[in-house]
Amino acid sequence: MSEIDDFRERARLWLDGHARRAEEALRADSGEEAADLAEARRFQAALFEAGFAGLTWPREYGGQGLGIEYQVAWNEVSAGYRLPTVFSLGLGMIGPTLLELGTEQQKRRYLPKILSGEEIWCQIFSEPGGGSDVAALRTSATRTDEGWVINGQKVWTSVGHLADLGAVLVRTDPTVPRHQGITMLIVDMRAPGLTVRPLRIATGEAPFAEEFFDNVLVPHDAVIGEVNQGWAAAVVMLRNERIALGTQGRSQANPLSFEPMLAAVHKHGSITSDRARTGLAELYARELALAEFGRLVHEEAIAGIPVGARGSVGKLAGTQQALWAADLAEELLGETIAIENDDLAAIRWASLYATGMAIAGGSTEIQRNIIGERVLGLPKDGGIDAKDVPFNRLRFGDGNK
């Protein structure tokens with residue numbers, strides 16, 4: 001038995017003893033509400049102790065120091081189990097960004113606690129007036145003798161109300177063009193002056209939050225990367241997010257995946273209809289195509305080929321797949337999907353949530369622009385930005401500078 005095969009078997013045995021299989025645990029999953037948080041933390045702590053967290057992260061920061069082929073193997077084995085999602089931002093975005101841009105002190109302080117589940121992180125980028133236009137942010141941070149003082153408002157922060165720490169983008173120099181003068185800071189989500197409010201969506205759950213910063217003080221060494229170079233740090237973090245979303249593979253724990261949909265149509269639809277057969281067959285084929293793309297990207301990473309902007313290909317394909325599957329569920333299950341039925345609760349939730357996923361991590365339109373310009377080499381859209389105009393001289397649609 002090869003080392004990878006041995007790893008796969010150990011991973012499967014461990015998951016059998018600590019996690020529920022997807023078909024047994026299929027339920028709505030919006031990123032653990034508070035009632036599930038203690039259980040999620042216990043699971044992540046056990047995962048860390050067993051040596052299955054941070055497989056490719058350096059050992060000195062709590063990782064296992066293994067090759068990416070081990071992460072690929074873990075993704076494939078764990079696809080059949082229901083795992084907590086509340087740690088996804090820390091593991092897939094914050095951690096990799098700190099590994100690339102963080103100071104030695106930041107890496108040693110934060111990375112082990114991300115892996116063990118002791119600290120949950122969120123990404124605090126979006127603002128009410130900015131949407132997907134991150135560079136339009138107005139939340140400010142002023143440097144004082146005591147540290148950075150933050151004022152402003154953020155919104156649509158995934159697990160923001162559950163997080164212990166956050167990576168927030170703030171404007172630290174309004175006298176330069178809008179993509180400059182931005183800094184990424186680490187903030188304690190329970191800091192004085194920071195108000196966090198959960199936001200409920202159509203599913204009835206609250207996977208997001210909004211934040212109000214009223215003279216929130218963070219230390220000078222809370223900077224991720226360099227002062228006034230926050231746009232570059234944001235690009236790194238968003239790249240990591242899109243790679244994570246685009247290469248996570250085919251999960252049987254997804255309510256809109258082939259196995260749950262097949263079971264639902266068997267019970268509540270007409271499995272013998274031509275449309276059901278062709279629709280489910282196409283769903284299966286689409287999932288395999290996405291999984292193979294993820295495998296290809298991972299294999300290229302093993303070979304030292306940078307993923308770069310191609311992470312947006314996976315992200316776009318994944319979110320479009322979710323929207324397509326949601327439409328298929330509505331078509332095959334009809335009005336029963338809207339009825340309070342425990343058998344269809346997870347599919348109903350996932351169908352409602354799919355639209356939001358087409359916006360999270362950069363909207364579909366943004367992903368297409370990235371793919372066109374950075375993957376296909378098409379001419380860049382000139383846009384309407386006055387790129388050389390200082391931010392404090394720009395005028396916004398609300399009439400304010």
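In this text the structure is predicted, and so the values were computed from the model without any measurement.

(A) Spotlight on the pattern of salt bridges. As enumerated under the stated definition, the model contains twelve salt bridges in all. The partner of Glu 118 in a salt bridge is Lys 113, and the shortest N-O contact between them spans 3.7 Å. Look at Lys 113 and you get partly exposed, because its relative accessible area is 27%. The shortest N-O distance in the salt bridge between Arg 286 and Glu 282 comes to 3.1 Å. With a gap of four residues between them, Arg 286 and Glu 282 both fall in helix H9 (residues 274-302), about one helical turn apart. By relative accessible area, which is 33% here, Glu 282 ends up partly exposed. Look at the salt bridges and you will find they share partners, linking Arg 41, Asp 164 and Arg 190 into a network.

(B) Broad picture of a nonpolar patch on the surface. On the surface, a cluster of nonpolar side chains totalling about 270 Å² of accessible area is made up of Val 375, Leu 376 and Leu 378. Inspection of the secondary structure puts Leu 378 in the segment after helix H12 (364-375).

(C) Examining helix H10 (residues 311-333) more closely. Its 23 residues give H10 an end-to-end C-alpha distance of 33 Å, which sits within 8% of 33 Å, the value for a rise of 1.5 Å per residue. Downstream of H10 by a residue or two, Gly 334 has a phi angle that is positive, lying close to 60°.

(D) Up close: the nonpolar core. Ile 150, Leu 185 and Val 187 are the most contacted members of the largest nonpolar core, which has 65 residues in total. Val 265, Ala 325, Leu 332 and Trp 349 belong to the second largest nonpolar core, which has 25 residues in total.

(E) Layout of the environment of Leu 47. Inspection of the secondary structure puts Leu 47 in helix H3 (residues 34-49). Overall, Leu 47 belongs to the buried group, its relative accessible area being 8%. Along the sequence, Leu 47 and Gly 117 sit 70 residues apart, while their C-alpha atoms lie 9.2 Å from each other.

Cut-offs used in this document
Residues numbered from 1 in each chain as written. Predicted model: local features only at pLDDT ≥ 70, side-chain atom pairs only at ≥ 80, totals over all residues. Heavy atoms only, no water. Salt bridge = Lys/Arg side-chain N within 4 Å of Asp/Glu carboxyl O. Buried < 20%, exposed > 50% of the residue type's maximum accessible area, 1.4 Å probe, protein only. Helix = DSSP H or I, 4+ residues; strand = E, 2+ residues; numbered from the N terminus. Patch = residues over 30% accessible without salt bridge, like charges linked within 9 Å, V, L, I, M, F, W, Y side chains within 5 Å. Areas by Shrake-Rupley, 256 points an atom, 1.4 Å probe, with all protein chains shown as cover. Expected span 1.5 Å × (residues − 1). Core = buried A, V, L, I, M, F, W, Y, C linked by side-chain atoms within 4.5 Å.

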